[in-house]
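Below are the chains, spelled out letter by letter.
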Amino acid sequence: MQEVDDAANACVCGNLRRTTRAITQFYDKLLAPSGVTITQLALLRAISIGNSSTISEISKEMYMDRTTLTRNLELLEKQDFIQIESSGDRRKRIVTITSRGKTQMSKALPLWEKAQSIIIERFGKGNWREVKLGLNEISNIARFN
């Protein structure tokens, strides 16, 4: 059983997923007063930056499968944070952020900044820079294999 324990402790995917869950919970807790989760905020940002994007473009940008993305977008649409419309091509749906979504994002950003600063302050700017570079490298390895 030691072999299994060693493999579990060394597993890149397992370690990243565990860390992601912990960080997600941390950000969600600090974002709670804004009424959005970190996943929702990330989607609102991506949509806002793209101004209007297709679901396929957002899926690619966020590294999310379309089913998970669609489920998350439907929640944002029900809250009137985004609008999803058909384009001239029936297969493509265009996603835009609404004024209510922009307002919600504005409420959430100061809370996100607080969460971000707590993590970076405690972890260290230099450490974060190194980890960020490493995470980008790992993403590229996974994406291009």
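Please read all numbers here as calculations on a predicted model, not as lab measurements. (Residues numbered from 1 in each chain as written. Predicted model: local features only at pLDDT ≥ 70, side-chain atom pairs only at ≥ 80, totals over all residues. Heavy atoms only, no water.)

Draft legend 1. Fine view of the packing of helix H2 (residues 12-31) against helix H6 (residues 99-123). H6 packs onto H2 with a crossing angle of 135° between their chain directions and a minimal axis gap of 9 Å. Relative to H6, the element H2 is oriented oblique. Here H2 and H6 pass one another in a crossing that is right-handed. Residue-level inspection shows Ile-23, Phe-26, Tyr-27, Leu-30 and Leu-31 of H2 in contact with H6, the latter providing Ala-108, Leu-111, Trp-112, Lys-114, Ala-115, Gln-116, Ile-118 and Ile-119. Tallied by class, the residues present in the contact of H2 with H6 amount to eleven nonpolar, one polar and one charged. (Axes fitted to C-alpha atoms, helices over the stretch in contact; angles between N-to-C directions. Helix = DSSP H or I, 4+ residues; strand = E, 2+ residues; numbered from the N terminus. Parallel < 35°, antiparallel > 145°, perpendicular 65-115°, else oblique. Left-handed = near helix turned anticlockwise from the far one by under 90°. Contact = heavy atoms within 4.5 Å. Nonpolar A, V, L, I, M, F, W, Y, C, P; charged D, E, K, R; others polar.)

Draft legend 2. The state of the cysteines, seen in detail. Using the criterion set out here, one finds zero disulfides in the structure. Here Cys-13 stays unpaired: no disulfide links it, and the sulfur of Cys-11, its closest cysteine neighbor, is 5.3 Å away. (Disulfide = S-S within 2.5 Å.)

Draft legend 3. Quick peek at the environment of Asn-127. Within the secondary structure layout, Asn-127 lies in helix H7 (residues 125-143). Considering only alpha carbons, one finds Asn-127 and Ala-32, 95 residues apart in sequence, at a separation of 27 Å.

Draft legend 4. Spatial organisation of the nonpolar core. If you look at the biggest cluster of nonpolar residues, it comprises 23 residues, and the most contacted ones within it are Leu-44, Leu-73, Ile-82 and Val-95. Mapped by element, the contributors of at least two residues to this core are H2, helix H3 (38-50), helix H4 (55-62), helix H5 (66-78), strand E2 (82-86), strand E3 (93-97) and H6. By residue number, the principal contributor to this core is H3, which donates five residues. Residues within four places of Leu-44 in sequence aside, it is in contact with Val-36, Leu-76, Phe-81, Ile-82, Ile-97, Gly-101 and Met-105. (Core = buried A, V, L, I, M, F, W, Y, C linked by side-chain atoms within 4.5 Å. Buried < 20%, exposed > 50% of the residue type's maximum accessible area, 1.4 Å probe, protein only.)

Draft legend 5. Focus on the packing of aromatic side chains. Inspection of every chain in the model, using the stated rule, returns one aromatic pair. The lysine or arginine in question, Arg-45, covers the ring of Trp-112, its NZ or CZ lying 4.2 Å from the ring centre. (Phe/Tyr/Trp six-rings, centres within 6.5 Å; stacked < 30°, edge-to-face > 60°. Lys NZ or Arg CZ within 6 Å of the ring centre and 35° of its normal.)

Draft legend 6. Representation of H3 within the structure. Helix length check: H3, at 13 residues, gives a terminal C-alpha distance of 18 Å against a target of 18 Å (1.5 Å per residue), a fit within 8%. What H3 keeps buried is the set Ile-38, Gln-40, Leu-41, Leu-43, Leu-44, Ala-46 and Ile-47. Positive phi shows up at Asn-51, right after H3, with a value of about 65°. (Expected span 1.5 Å × (residues − 1).)

Draft legend 7. Seen up close, H4. Those residues of H4 that sit buried are Ile-55, Ile-58 and Ser-59. In a view along the axis of H4, the buried residues occupy a sector of 100°, so they form one face of it. Away from the buried face of H4 by more than 90 degrees, exposed residues Lys-60 and Glu-61 are located. Looking one or two places after H4, you find Tyr-63, whose phi comes out positive at around 55°. (Arc of directions from axis to C-beta.)

Draft legend 8. Expanded view of the side chain of Ser-59. When you line up the elements, Ser-59 lands in helix H4. By relative accessible area, Ser-59 is classed as buried at 11%. Excluding its chain neighbours within four sequence positions, the residues that come into contact with Ser-59 are Met-64, Asp-65, Arg-66 and Leu-69.

Draft legend 9. Fine view of the side chain of Thr-98. Residue placement: Thr-98 occurs in the loop between E3 and H6. A polar atom in the side chain of Thr-98 sits 2.6 Å from the backbone oxygen of Asp-80. Excluding its chain neighbours within four sequence positions, the residues that come into contact with Thr-98 are Asp-80, Phe-81, Ile-82 and Gln-83. (Polar contact = N/O pair within 3.5 Å; in protein donor to acceptor, adjacent residues only side chain to side chain.)

Draft legend 10. Fine view of the pairing of E3. Relative to E3, strand E1 (residues 52-54) runs antiparallel, the two being bridged by three bridges. Across the sheet, Thr-54 pairs through a bridge with Ile-94, a residue of E3. In this structure, E2 lies alongside E3, joined through five bridges in antiparallel fashion. Its bridge partner lying in E3, Ile-84 is registered against Val-95. (Pairing = 2+ DSSP bridges.)

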